[in-house]
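# Secondary and tertiary structure notes
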Amino acid sequence: MPLDKSLNSLGFAKAPADTRVVVAMSGGVDSSVVAAQLAEEGYDVVGVTLQLYDHGAALAKKGACCAGRDIHDARRVADDMGFPHYVLDYENTFREAVIDEFADSYLGGATPVPCIRCNERVKFKDLLETAKDLDADCMATGHYIQRKMGAAGAELHSAADAARDQSYFLFSTTAEQLDYLRFPLGHLPSKEATRALAAKYGLSVADKPDSQDICFVPNGDYAAVIEKLRPGAGQPGDIVDTEGRVLASHTGVINYTIGQRRGLGIGGLADPLYVVKLDADTKQVVVGPKSMLATRSVPVREINWLGDTPLTARDEWHVGVKVRSTRPPREAIIRPISATEATVELMTAEEGVSPGQACVFYDLDSSRIFGGGWIWRGN
């Protein structure tokens, strides 16, 4: 479908100068390029950065977003490109909406994905409402995902660069939010193309490393963060086999993840054992053979459905699904139970499917994303 020449690059029937766009700026190269590009095109750009946690703890940590240095970097880009920039204190909101659930989920034996909750409950909720309060026509982010117009309205599509695609972390974006959001980087062929744009605009962050790990988890040490948030969480217990026989002891369920093999302290066995279950109530880490990690039936709830017709309009949906961010979509069948709950049957068994992770739905014949939900233990 040819582009409507009467619309600007953000899809509005008016001049860029008359179109206000709030750019969510993390201080990294991606969102900085978005802001710079829109400013150069003549849009009325307003940069907003969220302060999500204590600067003192974050200043010394490389590879985090929304920390003190990143706020400084975002402000500098705004100054250089000549648009206003604001910092909003969301520490309390972030803790209540994201960090507390992260801690409680881990203590419950799940493997949470806080980046999804941050997008869902903070960036695409509170920040989006702030953008509307600023009379912005839309909000733009540096996420690698595409928004395309379809017969029934705005659709969510995977990024052109599969290696950078962030659809797994954005499945809970609602249709209403999608109407308001814009993702200017989703069509780019590579991260190198983004850095080339940063160099073109003379941005100070052009060579800044990508963020790593979860922003509030220094060095990827989940257990240390949980212990700090929930003192006493690292209580010792037993490592048992599936028959309940004690094989070893552990220093806290929070130190283990489903599918883990190394660091169990169990030796002298003919076949290796893997963590197949975490029982926070009994403080047990259950281990078993690798075959026990494979599953084909995945219970999913809190579904955000982005199809053109309701999820319950069919008994079955044949789609591709991701049960973890690092794997490509695999063929599956969604069998709806309600508008927000379903059982997903994987055509090929997956190992290490863990409660707390996301199950994201993809069209098998295109780049479109049909939403997704959260994996849980089922009844």
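Basis of the calculations
Residues numbered from 1 in each chain as written. Predicted model: local features only at pLDDT ≥ 70, side-chain atom pairs only at ≥ 80, totals over all residues. Heavy atoms only, no water. Bend = angle between axes of the 7 residues up to and from the residue. Helix = DSSP H or I, 4+ residues; strand = E, 2+ residues; numbered from the N terminus. Buried < 20%, exposed > 50% of the residue type's maximum accessible area, 1.4 Å probe, protein only. Contact = heavy atoms within 4.5 Å. Pairing = 2+ DSSP bridges. Axes fitted to C-alpha atoms, helices over the stretch in contact; angles between N-to-C directions. Parallel < 35°, antiparallel > 145°, perpendicular 65-115°, else oblique. Left-handed = near helix turned anticlockwise from the far one by under 90°. Nonpolar A, V, L, I, M, F, W, Y, C, P; charged D, E, K, R; others polar. Salt bridge = Lys/Arg side-chain N within 4 Å of Asp/Glu carboxyl O. Polar contact = N/O pair within 3.5 Å; in protein donor to acceptor, adjacent residues only side chain to side chain.

## So, helix H4 (residues 91-107)
- The largest bend in H4 is about 30 degrees, located at Ile 99.
- Residues of H4 that are buried: Phe 94, Ala 97, Val 98, Ile 99, Phe 102, Ala 103 and Tyr 106.
- As for H4, its buried residues are in contact with helix H5 (114-133) and helix H8 (222-229).
- Directly after H4, the chain includes Gly 109, whose backbone phi takes a positive value near 85 degrees.

## Describing the sheet that holds strand E3 (residues 85-89)
- Strand order in this open sheet of five strands is E3-E2-E1-E4-E7, and the pairing throughout is parallel. The outermost strands of the open sheet, each flanked by one partner alone, are E3 and strand E7 (181-182).
- The sheet contacts of helix H3 (residues 68-81) involve strand E2 (44-51) and E3, and relative to E3 the element is tilted by about 155 degrees.

## Regarding the pairing of strand E9 (residues 246-250)
- With four bridges joining them, strand E8 (residues 237-240) and E9 adopt antiparallel strand pairing. When the bridges of E9 are listed, Val 240 appears paired with Val 246.
- Counted along the chain from E8 to the antiparallel partner E9, the turn is five residues long, and its residue Gly 244 has a positive phi close to 90 degrees.

## Re the packing of helix H1 (residues 29-40) against helix H7 (residues 191-200)
- At a minimum axis distance of 9 Å, the contact between H1 and H7 shows a crossing angle of 55 degrees. Here H7 runs oblique to H1, going by the angle between their axes. The two elements H1 and H7 cross, and the hand of that crossing is left-handed. Residue-level contacts link Val 29, Asp 30, Val 33, Gln 37 and Glu 40 of H1 to Lys 191, Thr 194, Arg 195, Leu 197, Ala 198 and Lys 200 of H7.
- Of the residues assigned to the contact of H1 with H7, the class counts are four nonpolar, two polar and five charged.

## Digging into the pattern of salt bridges
- For the structure shown, the criterion picks out 29 salt bridges.
- Ionic pairing is found between Asp 100 and Arg 95, a salt bridge with its closest N-O pair at 3.5 Å.
- Given a relative accessible area of 40%, Arg 95 falls into the partly exposed group.
- Residue Arg 121 pairs with Glu 120 through a salt bridge whose shortest N-O separation is 3.9 Å.
- Judged by its relative accessible area of 23%, Arg 121 is partly exposed.
- Salt bridges sharing partners connect three or more residues here, namely Asp 30, Arg 164, Lys 191, Arg 195 and Asp 210.

## Re the pairing of strand E14 (residues 330-336)
- Bridge analysis of strand E13 (residues 317-322) against E14 gives five bridges, and the strand direction is antiparallel. Across the sheet, the residue bridging to Trp 317 is Ile 334, located in E14.
- In the sheet, E14 pairs with strand E15 (residues 342-351) via five bridges, with the strands oriented antiparallel. Its bridge partner being in E15, Ile 334 is matched across the sheet by Val 344.
- Once E14 ends, the chain turns through five residues before running back antiparallel as E15.

## Some words on the sheet that holds E8
- One open sheet holds the four strands; their spatial order is E9-E8-E11-E10, and the pairing between them is mixed. Every other strand in the sheet has two partners, leaving E9 and strand E10 (274-279) as the edge strands with one partner each. Taken over all neighbouring pairs, the strand axes of this sheet differ in orientation by 25 degrees on average, direction set aside.
- Relative to strand E11 (residues 284-288), E8 runs parallel, the two sharing three bridges. Among the inter-strand pairings, Asp 238 is bridged to a residue of E11, identified as Gln 284.

## A look at the side chain of Thr 111
- Tracing the sequence through the fold places Thr 111 in the loop between H4 and H5.
- Taking the relative accessible area as the measure of exposure, Thr 111 reaches 15% and is therefore buried.
- At a separation of 2.9 Å, a polar atom in the side chain of Thr 111 contacts the side chain of Ser 354.
- Setting aside residues no more than four positions away along its own chain, Thr 111 makes contact with Tyr 106, Ser 354, Pro 355, Gly 356 and Gln 357.

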